[in-house]
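Below are the chains, spelled out letter by letter.
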Amino acid sequence: MAKVTKAKNTNSKELKSSSKSVSGVESKNTAKRNKKSSKDVASKPPVKLKLSEKTEVTKSSAQTTTRKRAYVKKDRPIIQVKKLVKKYNNVTAVDSISFDVKKGEIFGILGPNGAGKTTTIEMIETIIPKTSGQIFIDGLNVDTYPDHVKKIVGIQLQNSGFYPRINLIETLDLFADIYDVDISPMELLKTVDLDHKAKNTPSQLSGGQQKRFSIACTLVSNPLILFLDEPTTGLDPQARRNLWDTITNLKHRGKTIVLTTHYMDEAEALCDRIAIMDDGHLLEINTTEALVDNLLAKGFKRPEPKLGATLEDVFLHLTGKQLRE
Amino acid sequence: MNRVLFRQFWGFFVVALKSSFRNPSALFFGFFFPLVFIFSFAFFDNSATTYNLGITTSDVPSHLSYTRALENTDVFTITYGDKEDLLKKLEISNLDAVVSYNGVLEVEVTTNRSKTQNSTAVLSILSAINDKLSLQDRPTIYNIQQKSLVGRSGKYIDFVLPGILGFSIMSAAISATSFSFVSLKNSLTLKRLFATPAKSMPFIAGHSLARIVVSLSQNLLLLFLAVVFFDYNPQGGFTSLLQMLVIITFGLVVFLGLGYIVAGVSKNEDQAGPLSNIISLPQFLLAGTFFSVDSMPGWLQAIAKLLPLYNFNEAMRLVSLDGLPLWSGQVGIQIGFLSLWGIIIYLLASKLFSVKL
């Protein structure tokens, strides 16, 4: 997988790979980003990236991937989004964005509130109609095969409700009936650590538990792809970390995960690749390390020296890492 | 494919059923509310009111003394007139009884079905007054005729119960259906379901069947309590009860459509409530829930008889009060009108209601 990214980057823009290499030297102290990004050794001065260039990058990378698919089918992206547009009257919520998601990766869509993250993934999920553009999931056009697509994706909405007065097991049974699959609700609840709440209704759960239950519901159909829309928004640090573990476990089980977030640390901790959106535009799309390296290559310096710990570290040190429920 | 749809249908049915049965407010409005009505009207028979009495003008002394005795009680509002006129008024329920002298003293009482409690009360008062008169003033012979204008003689509960059931199933069908769909929409439960391969047909069918099962079981329990504790006694006994259940089921299906219309039109729970009331309250008042439509002025009757709840109530009463079978012509007409309403309602609902599944 990583090789494909590499190929794309080198193919599309020489500038990019070069800038990466420069930064690769500079940012070796960031121990977390120890993936296989900084190999190239060509050195050229960092170049300021403009929006137009970036769009070009995305476009050409999409083309590369399409060409690749013809003979390397197993590397076909599991999600392909091409020139996706959403307009509400005169407002363009999503402005012609294109990207691919690779099988087995955690793909993050990062952006401030109102950037168009949710609109984008809800169009991919076929929950809201798109204005124009094409979306392929597992090689199938979602317009042509919406039902099949709904069977292979699991969706956690940013906000969603469940039947009132229906407990967790009964809710999961309903989803099993809808997907026509046989499941063990208790097993599913165990995977999200909610088996002790089996007889409660979703409204009796805490915020973090509700998010985890929501993920359990998406797992009913054993989907290839999971969409998680701001899975940790509104959770306390313990619950967030617990949910990160859940998400990482799902990745290890072979799921492709697309998540939106506006937390940088979350994107950094979880995502293999990140698309940064703002105001309906796709600004950047790359691996986490490459994004940081690129910025550093442009001569960026943090204004203040980094402390050995953050306030969150202090908070977690004082209050412990166990879940509060 | 069909098996898949059936499984979805069954899943929605089970969940909707459990959700409704665990909902205390639905239980209250569908069961306790009508039970309170039944309870209060079961003892309504003994309540003291004034009765409208028609007396024929006559010179016969015994009649006169009896008439005077009647005038002295404050229970009666007395109208004098020709026998023919008085009987006409009796027929349209302006009078509760007519006292006339035709060689013997005759008392004619109607058992207009909505006022059965009046006729029994009038008769007992008349005979009590008769007993108090001195021997020479007492009319020597008197004859009491109970005329059945529509239906048979009976207790008020026999008349009012079908009306109460009619109102309770209609209001439950409209408000519970609209309310539950609107809240599923607003709580984003529908959106979550829309993100699955769930289809709208099994979704709607499952919810409708659940609503019908809930309402039917509440009505069964109400009927059972009415028979056991409130002396409710449908004309045809057990077979009448069964036929009533058939009409109730059919009525539920028709009224559910009204619920879908309200659910389709209203954006939130705050709109669903008043809209449900706008549809159900006028029918509640006009369609003969507590008193017969016959006692209303003509123009109002004409309007009332156009309402689907009237058709429902009338069909129920024809079966339970008059003992007519379900397949008889008179019942058939009412069922026919109700069906016509059903068609109109569901045409409208299909335009206004969508679940986007």
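Keep in mind that this is a model prediction, so the values were computed, not measured.

Peer 1: What's the story with the packing of helix α8 (residues 207–219) of chain A against helix α9 (residues 237–252) of chain A in this structure? I'm lost.
Peer 2: Angle between the axes and distance between the axes are the two parameters that describe a pair of packed helices. All names here are of chain A. Between α8 and α9, the least distance of the axes is 10 Å, while the angle of their chain directions is 15°. If you check the angle between α8 and α9, you find them roughly parallel. The handedness of the crossing between α8 and α9 comes out as right-handed. Contacts between α8 and α9 involve Gly-207, Gly-208, Lys-211, Arg-212 and Ile-215 from the first element and Ala-239, Asn-242, Leu-243 and Thr-246 from the second. Considered class by class, the residues forming the contact of α8 with α9 number three nonpolar, four polar and two charged.

Peer 1: When you look at helix α10 (residues 269–286) of chain B in this model, what are you seeing that I'm missing?
Peer 2: Since the α-helix packs 3.6 residues into each turn, any two residues three or four apart lie on the same face. Residues and elements named next belong to chain B. The first and last C-alpha atoms of α10 sit 26 Å apart over 18 residues, in line with the 26 Å expected at 1.5 Å per residue. The largest bend along α10 reaches roughly 30° and is located at Ile-278, with the proline Pro-282 sitting one to four residues downstream. Buried-residue contacts for α10 involve α6 (156–186), α9 (238–265) and α12 (308–320). Trailing α10 by a residue or two, Gly-288 shows a phi angle of about 75°, which is positive.

Peer 1: Would you mind showing me how to read helix α13 (residues 329–352) of chain B here?
Peer 2: With 24 residues, α13 of chain B extends 34 Å between its outermost C-alpha atoms, agreeing within 8% with the 34 Å of an ideal straight helix rising 1.5 Å per residue. Looking at the buried side of α13 of chain B, the elements it contacts are α9 and α12 of chain B.

Peer 1: Sorry, what's going on with the sheet that holds strand β5 (residues 140–141) of chain A here?
Peer 2: Sheet strands pair by backbone hydrogen bonding; their relative direction is either parallel or antiparallel. Residue and element names in this part refer to chain A. The four strands lie next to each other as β2-β1-β4-β5, forming an open sheet whose pairing is antiparallel. Of all strands in the sheet, those bounded by a partner on one side alone are β2 (91–101) and β5. Here five bridges tie strand β1 (residues 79–88) to strand β4 (residues 132–137), and the two strands are oriented antiparallel to one another. Along β4, the bridge assignment pairs Val-85 with Ser-132. Against the sheet, helix α4 (residues 117–124) touches β1, β2 and β4, its axis set at about 120° to β1.

Peer 1: Explain the sheet that holds strand β3 (residues 106–110) of chain A here, please?
Peer 2: Residues and elements named next belong to chain A. Strand order in the open sheet formed by six strands is β6-β7-β8-β3-β9-β10, and the pairing between neighbours is mixed. Pairing within the sheet leaves two strands with one partner each, and these edge strands are β6 (153–156) and β10 (281–287). Each strand of the sheet is rotated relative to its neighbour by a mean of 15°, with strand direction disregarded. Two strands pair when backbone bridges link them, and strand β7 (residues 225–229) and strand β8 (residues 256–261) are joined in this way by five bridges, in the parallel orientation. Each bridged residue has a counterpart across the sheet, and for Ile-225 the counterpart in β8 is Thr-256. This element, α8, spans β6 and β7 of the sheet and lies at about 160° to β6. Here helix α11 (residues 288–297) sits on the sheet and contacts β9 (273–278) and β10; the angle it forms with β10, its principal contact strand, is near 105°.

Peer 1: How do you make sense of the nonpolar core when you look at a structure like this?
Peer 2: Here is a general trend for soluble globular proteins: nonpolar side chains tend to be buried in one another's company. In this structure, Ile-137, Ala-216 and Ile-257 of chain A together with Ala-173, Phe-255 and Ala-315 of chain B are the most contacted members of the largest nonpolar core, which totals 142 residues. When residues of this core are assigned to their parent elements, the largest contribution, 18 residues, is made by α6 of chain B. The residues contacting Ala-315 of chain B, other than those within four sequence positions of it, are Ile-247, Val-331, Gln-334, Ile-335 and Leu-338 of chain B. Tyr-51, Phe-76, Val-99 and Val-122 of chain B belong to the second-largest nonpolar core, a separate cluster that totals 12 residues.

Peer 1: Just checking my understanding: could you explain the interface of chain B and chain A for this structure?
Peer 2: How big an interface is tends to be stated in terms of the accessible area lost upon association of its parts. Contact with chain B, which involves 20 residues of that partner, is made by 22 residues of chain A. Ranked by residue count, the leading element in the side of chain B that touches chain A is helix α1 (residues 2–21) of chain B, at eight residues. Looking at the side of chain B that touches chain A residue by residue, the class counts come to eight nonpolar, seven polar and five charged.

Peer 1: Quick question: what am I supposed to make of the pairing of β8 of chain A here?
Peer 2: Successive side chains on a regular strand alternate, one facing one side of the sheet and the next facing the other. Residue and element names in this part refer to chain A. Burial analysis of β8 places six of its six residues in the buried class, the great majority of the element. Burial along β8 is two-sided: Thr-256, Val-258 and Thr-260 and Ile-257, Leu-259 and Thr-261, pointing in opposite directions, are all buried. Remark: the β7/α9/β8 crossover connection has right-handed handedness.

Peer 1: Before we go on, may I ask you to explain the environment of Val-253 of chain B in this structure?
Peer 2: Residues and elements named next belong to chain B. Secondary-structure assignment places Val-253 in helix α9. Assessed through the 18 C-beta atoms surrounding it within 10 Å, Val-253 is described here as partly exposed. Along the primary structure Val-253 and Phe-181 are separated by 72 residues, whereas in three dimensions their C-alpha atoms are 16 Å apart.

Peer 1: Hey, could you run me through the confidence of the model for chain A in this one?
Peer 2: If pLDDT is low for a region, its predicted coordinates should not be looked at in detail. When pLDDT is averaged across chain A, the result is 79; 75% of the residues are at 70 or more. In the predicted structure, residues 1–72 of chain A sits below a pLDDT of 50 and forms 86 contacts with residues beyond four places in sequence or in another chain.

Each value, and the rule that gives it
- Chains are numbered independently. Their residues run from 1 in the order of the written sequence.
- Here chains are named by letter from A upward and ligands by number from 1 upward, in the order in which they appear as written.
- Local features in this predicted model are restricted to residues whose pLDDT is 70 or higher, and side-chain atom pairs enter the listing and the counts only when it is 80 or higher, whereas totals over whole chains, interfaces and linings include all residues.
- Axis definition: a line fitted to C-alpha atoms, limited for helices to the stretch in contact. Angles are taken between N-to-C directions and run from 0 to 180 degrees.
- Elements are defined by DSSP. Helices are runs of H or I of four residues or more, strands are runs of E of two residues or more, and each kind is numbered from the N terminus.
- Every angle not falling under 35 degrees, over 145, or within 65 to 115 is termed oblique; those three ranges are roughly parallel, roughly antiparallel and roughly perpendicular.
- Here a crossing is called left-handed whenever its near helix is offset anticlockwise from the far helix by less than a right angle, and right-handed whenever the offset is clockwise.
- C-beta atoms are first placed from the backbone for all residues, and any pair lying within 7 Å is then listed as a contact.
- Polar here means any residue other than Ala, Val, Leu, Ile, Met, Phe, Trp, Tyr, Cys and Pro, which are nonpolar, and Asp, Glu, Lys and Arg, which are charged; Gly is therefore polar.
- Expected helix span is taken as 1.5 Å per residue step, with the number of steps being one fewer than the number of residues.
- Two axes define the bend at a residue: one fitted to the seven residues ending there, one fitted to the seven starting there, and the bend is the angle between them.
- The rule for pairing is simple: two strands pair if DSSP sees at least two bridges between them.
- As used throughout, a nonpolar core is a set of buried Ala, Val, Leu, Ile, Met, Phe, Trp, Tyr and Cys residues joined through C-beta atoms within 7 Å of each other.
- Any residue with 12 or fewer other C-beta atoms within 10 Å of its own C-beta is exposed, any with 20 or more is buried, and the rest are partly exposed; the C-beta atoms used are placed from the backbone.
- By convention, a crossover is right-handed whenever its connection, traced from the first strand over the helix to the second and viewed with the strands pointing away, goes clockwise.
- For every residue, the predictor reports its confidence as pLDDT, a number between 0 and 100.

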